[in-house]
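# Close look at the chain arrangement
Spelled out, the chains give:
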Amino acid sequence: LQDELKKYPMCPYCGMDRTQWHHSRHLVHYDDGLVDGTCSIHCLAISLSLNIDRGPKAIYAADFGAEGKPKPLVEVDRASYLVGAKLKGTMTKKSKMAFASVDAAKAVQMEKGGELGSFDDALREAHLSMANDTMMIRKRRAERVKRMMEKKMEMKK
């Protein structure tokens, strides 16, 4: 866990900067020594699916309720997740944020809504929304490429 953002700076599934998305990042240690640092539970779900024959030895999530940057990591089995709150999701329309303190999660829930649940609940939601989230991501990336190409054409004029 020491210097994990330096060791795993980019999400291997979407390429996002994990320091920029420190508040939603996850880290999984598999039983054969592989470590995957992801930007979100969406990309963690991809990792767990692609590595189905590896056993996760430990999984950590950023504590959204903690002060400061980067948010510290907490073992997901000890975390409470707030799912579907009016918080900006990472790689998803439906946010899924981890909290080390259930009281901190409840405080955010009072203000932003959503449902409290476990890591398994949040992971299930990540899998259930995978198709729609992937379509949303593809659309956003296509729009970004189109804007970049338009700017390039403008610069050539």
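Here we summarise the structure given alongside this text.

Before going further, it helps to examine the nonpolar core. If you look at the biggest cluster of nonpolar residues, it comprises 19 residues, and the most contacted ones within it are Ile-41, Leu-44, Leu-48, Ile-59, Tyr-81 and Phe-119. Elements with a minimum of two residues in this core: β1 (26-30), α2 (41-50), β3 (56-62), β5 (80-83) and α4 (119-128). Those residues within four positions of Phe-119 in sequence are excluded, and the remaining contacts are Ile-41, Leu-44, Ile-59, Val-76 and Tyr-81. Cys-14, Trp-21, Cys-43 and Ile-137 belong to the second-largest nonpolar core, a separate cluster that totals nine residues.

The N-to-C vectors of α2 and α4 enclose an angle of 85°; their axes lie 9 Å apart at closest approach. By the angle between their directions, the pair α2 and α4 is classed as roughly perpendicular. Counting all contacts with α2, which are made through Ile-41, Leu-44, Ala-45, Leu-48 and Ser-49, the residues of α4 involved are Phe-119, Ala-122, Leu-123, Ala-126 and His-127. Of the residues contributing to the contact of α2 with α4, the split by class is eight nonpolar, two polar and no charged.

For the rest of this paragraph, the subject is the sheet that holds β5. The strand order β6-β5-β7 describes an open sheet built from three strands, whose pairing is antiparallel. The open sheet has two edge strands with one neighbour each: β6 (96-99) and β7 (115-117). Strand-to-strand twist in this sheet, taken as the mean axis angle between neighbours without regard to direction, amounts to 30°. In this sheet, β6 lies alongside β5 in antiparallel orientation, the contact comprising four bridges. The residue bridging Tyr-81 from the neighbouring strand is Ala-98, located in β6.

Time to look at a nonpolar patch on the surface. A surface patch of nonpolar side chains, amounting to about 300 Å² of accessible area, comprises Val-145, Met-148 and Met-149. The residue Met-149 is located in helix α5 (residues 130-156) in this model. You can call Met-149 partly exposed: its relative accessible area is 46%.

With that settled, the discussion passes to the sheet that holds β3. Spatial ordering of the open sheet is given by β2-β1-β3-β4, a layout of four strands whose pairing is antiparallel. With one partner strand each, in any of the chains shown, β2 (35-38) and β4 (73-75) form the two edges of the open sheet. Recorded for the sheet is a direction-independent mean angle of 20° between the axes of neighbouring strands. The pairing of β1 with β3 spans five bridges and is classified as antiparallel. When the sheet's bridge partners are listed, His-26 is paired in β3 with Ala-61. Sitting on the sheet, α2 touches β1, β2 and β3, and the angle it makes with β1 is about 15°.

The rules behind the values
Residues numbered from 1 in each chain as written. Predicted model: local features only at pLDDT ≥ 70, side-chain atom pairs only at ≥ 80, totals over all residues. Heavy atoms only, no water. Core = buried A, V, L, I, M, F, W, Y, C linked by side-chain atoms within 4.5 Å. Buried < 20%, exposed > 50% of the residue type's maximum accessible area, 1.4 Å probe, protein only. Helix = DSSP H or I, 4+ residues; strand = E, 2+ residues; numbered from the N terminus. Contact = heavy atoms within 4.5 Å. Axes fitted to C-alpha atoms, helices over the stretch in contact; angles between N-to-C directions. Parallel < 35°, antiparallel > 145°, perpendicular 65-115°, else oblique. Nonpolar A, V, L, I, M, F, W, Y, C, P; charged D, E, K, R; others polar. Pairing = 2+ DSSP bridges. Patch = residues over 30% accessible without salt bridge, like charges linked within 9 Å, V, L, I, M, F, W, Y side chains within 5 Å. Areas by Shrake-Rupley, 256 points an atom, 1.4 Å probe, with all protein chains shown as cover. Salt bridge = Lys/Arg side-chain N within 4 Å of Asp/Glu carboxyl O.

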